[in-house]
Amino acid sequence: MSIILALLAALFASFQAILAKLGIEEVDSNLATAVRTIVVLIMAFLMVVITGQTSEIFQIELYPLLFLILSGITTGLSWLCFFKAIQIGDVSKVVPIDKSSVVLTILLSFVILQEPATPLVVAGGILISIGTFVLIGKIKKTKNKEIKNNYLLLAVLSAVFASITNILAKIGINEVDSNVATFIRTVIIIIFAWGIVYFQKTYSQLRNISKRSYIFLILSGAATGFSWLCYFGALAIGKVSVVTPIDKFSVVITMVLSVIILKEKPTLSTVVGGVIITIGTALLII
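Residues numbered from 1 in each chain as written. Predicted model: local features only at pLDDT ≥ 70, side-chain atom pairs only at ≥ 80, totals over all residues. Heavy atoms only, no water.

*Asks:* An account of helix α11 (residues 250–260) is requested, with residue identities and associated values reported.
*Replies:* Three or four residues apart is the spacing at which side chains of an α-helix point the same way, because the helix has 3.6 residues per turn. Burial of α11 is extensive: 8 of the 11 residues sit out of reach of the surface. Taken residue by residue, α11 has Ser250, Val251, Val252, Ile253, Thr254, Met255, Leu257 and Ser258 as its buried positions. (Buried < 20%, exposed > 50% of the residue type's maximum accessible area, 1.4 Å probe, protein only. Helix = DSSP H or I, 4+ residues; strand = E, 2+ residues; numbered from the N terminus.)

*Asks:* I'd love a proper account of the side chain of Thr224, names of residues and values included.
*Replies:* Along the polypeptide, Thr224 turns up in helix α9 (residues 211–237). If sequence neighbours within four positions are ignored, Thr224 has contacts with Gln16, Arg36, Val40 and Trp79. (Contact = heavy atoms within 4.5 Å.)

*Asks:* An account of unusual backbone geometry is needed here, citing residue identities and associated values.
*Replies:* Notably, Gln114 is not glycine yet its phi reads approximately 60 degrees, a positive angle. Structurally, Gln114 is set in the loop between α5 (101–111) and α6 (119–136). Phi is positive for Lys201, which is not a glycine, with a value near 60 degrees. By the secondary structure assignment, Lys201 is in the loop between α8 (178–200) and α9.

*Asks:* Run through the packing of helix α2 (residues 29–50) against α9, naming residues and quoting values.
*Replies:* Relative orientation of the contacting elements α2 and α9 amounts to 45 degrees, with a least axis distance of 8 Å. Considering their axes alone, α2 and α9 lie oblique with respect to each other. Every pair of crossing elements has a handedness; the one defined by α2 and α9 is right-handed. In this structure, α2 contributes Ala32, Val35, Arg36, Val39, Val40, Met43 and Met47 to the contact, and α9 contributes Tyr214, Leu217, Ile218, Ser220, Gly221, Ala222, Thr224, Gly225, Phe226, Trp228 and Leu229. Looking at the contact of α2 with α9 residue by residue, the class counts come to 13 nonpolar, 4 polar and 1 charged. (Axes fitted to C-alpha atoms, helices over the stretch in contact; angles between N-to-C directions. Parallel < 35°, antiparallel > 145°, perpendicular 65-115°, else oblique. Left-handed = near helix turned anticlockwise from the far one by under 90°. Nonpolar A, V, L, I, M, F, W, Y, C, P; charged D, E, K, R; others polar.)

*Asks:* Help me get a handle on the side chain of Lys170, residues and values and all.
*Replies:* Position of Lys170 among the secondary structure elements: in helix α7 (residues 145–173). Buried and without a salt bridge, Lys170 has Glu115 as its closest oppositely charged side chain, separated by 5.2 Å. A distance of 2.8 Å separates a polar atom in the side chain of Lys170 from the backbone oxygen of Leu235. Apart from residues no more than four positions distant in its own chain, Lys170 is found in contact with Leu113, Glu115, Leu235, Ala236, Gly238 and Val240. (Lys, Arg positive; Asp, Glu negative; His and termini not counted. Salt bridge = Lys/Arg side-chain N within 4 Å of Asp/Glu carboxyl O. Polar contact = N/O pair within 3.5 Å; in protein donor to acceptor, adjacent residues only side chain to side chain.)

*Asks:* Tell me about a nonpolar patch on the surface, and please be specific about residues and values.
*Replies:* A grouping of Met1, Ile4, Leu8, Leu11, Phe15 and Ile237 is seen on the molecular surface, where their side chains present a nonpolar patch of about 570 Å² in accessible area. Counting residues per element, the nonpolar patch draws most heavily on helix α1 (residues 2–23), which supplies 4 residues. (Patch = residues over 30% accessible without salt bridge, like charges linked within 9 Å, V, L, I, M, F, W, Y side chains within 5 Å. Areas by Shrake-Rupley, 256 points an atom, 1.4 Å probe, with all protein chains shown as cover.)

*Asks:* Could you give an account of the environment of Ile276, with specific residues and numbers?
*Replies:* Considering the arrangement of structural elements, one finds Ile276 in helix α12 (residues 268–285). Taking the C-alpha atoms as reference, Ile276 lies 35 Å from Val176; in sequence the two are 100 residues apart. Filtering out sequence-adjacent residues up to four positions away, Ile276 remains in contact with Leu127, Ile130, Gly131 and Val134.

*Asks:* Give a description of the environment of Ala223 that names residues and reports values.
*Replies:* Within the fold, Ala223 resides in helix α9. Sequence-distant contacts of Ala223, that is, excluding residues within four places in its chain, are made with Phe12, Phe15, Gln16 and Leu19.

*Asks:* Explain the packing of aromatic side chains to me, and be specific about the residues and the numbers.
*Replies:* On inspection of all chains with the given rule, the structure shows 7 aromatic pairs. Ring-pair connections join several aromatic residues into one group, and the members of that group are Tyr198, Phe199 and Tyr203. Residue placement shows Arg185 over the ring face of Trp228; its charged tip is 5.1 Å from the ring centre. (Phe/Tyr/Trp six-rings, centres within 6.5 Å; stacked < 30°, edge-to-face > 60°. Lys NZ or Arg CZ within 6 Å of the ring centre and 35° of its normal.)

*Asks:* So what's going on with the packing of α9 against helix α10 (residues 240–247)? Residues and values would help.
*Replies:* Viewed as axis vectors pointing N to C, α9 and α10 meet at an angle of 160 degrees, and their least axial separation amounts to 9 Å. Relative to α10, the element α9 is oriented roughly antiparallel. Seen along the crossing, α9 lies across α10 with a hand that is right-handed. Residues Tyr231, Ala234 and Leu235 of α9 form the contact with α10, whose participating residues are Val240, Val243, Thr244 and Asp247. Classifying every residue of the contact of α9 with α10 by side-chain character gives 5 nonpolar, 1 polar and 1 charged.

As structure tokens, then:
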């Protein structure tokens, strides 16, 4: 069941990146993140209500609560870096770099969580890592080197924060319902995101966001909500070293969608990298 949920999380995550790209073309990335998070919070709370876990929100012990809060903060940092990166750079380059967090996540799961390093897990993780970097390929030359360096650095920071998030969330979610954990993390993220918007004073731009952008941001938030609910459900019953790499299969789906929807041109490295990642994911499923 954890594998199915991880695959569904990957599917929804791929739509998240594409829809977000369409929605933030003329919107401040931090403001767009804050708007999207409102949708995620609503979805997370509805799931808590539907599953009848509302009372558990106030019964969580301090230890898991602390790790859920920390994972929410690192998720917020990862988001801010990621959505700024895809705003100024190509989705087909940013997403693979961001998803390279799988390497660090697998290593941390072995060291911190003491998960067994089975041959298939190691082989699958290595193939996904290799495929990710092959898929990144040669970064296109841009007239503005500063912009290129900025979006690459932001993508790397997004990956680092994402890997830390996975470990913190796994520790915090052990004794907590996954839907409740998702809701708590989202509360932290929305406070974090709107705090950034407040200090930057970009909230005044809300009235200038077009209906088209709002639609795509709402859809992106919905895709994120579904992805999170599936991912943390998988994380609660599965191993980080297996669930996270499978979730990163969204890289391949995103690459396909970026070609079809965003008209980004595929390269040889895109195709080869996608095939390698697919094989690595298959090993983990096996």
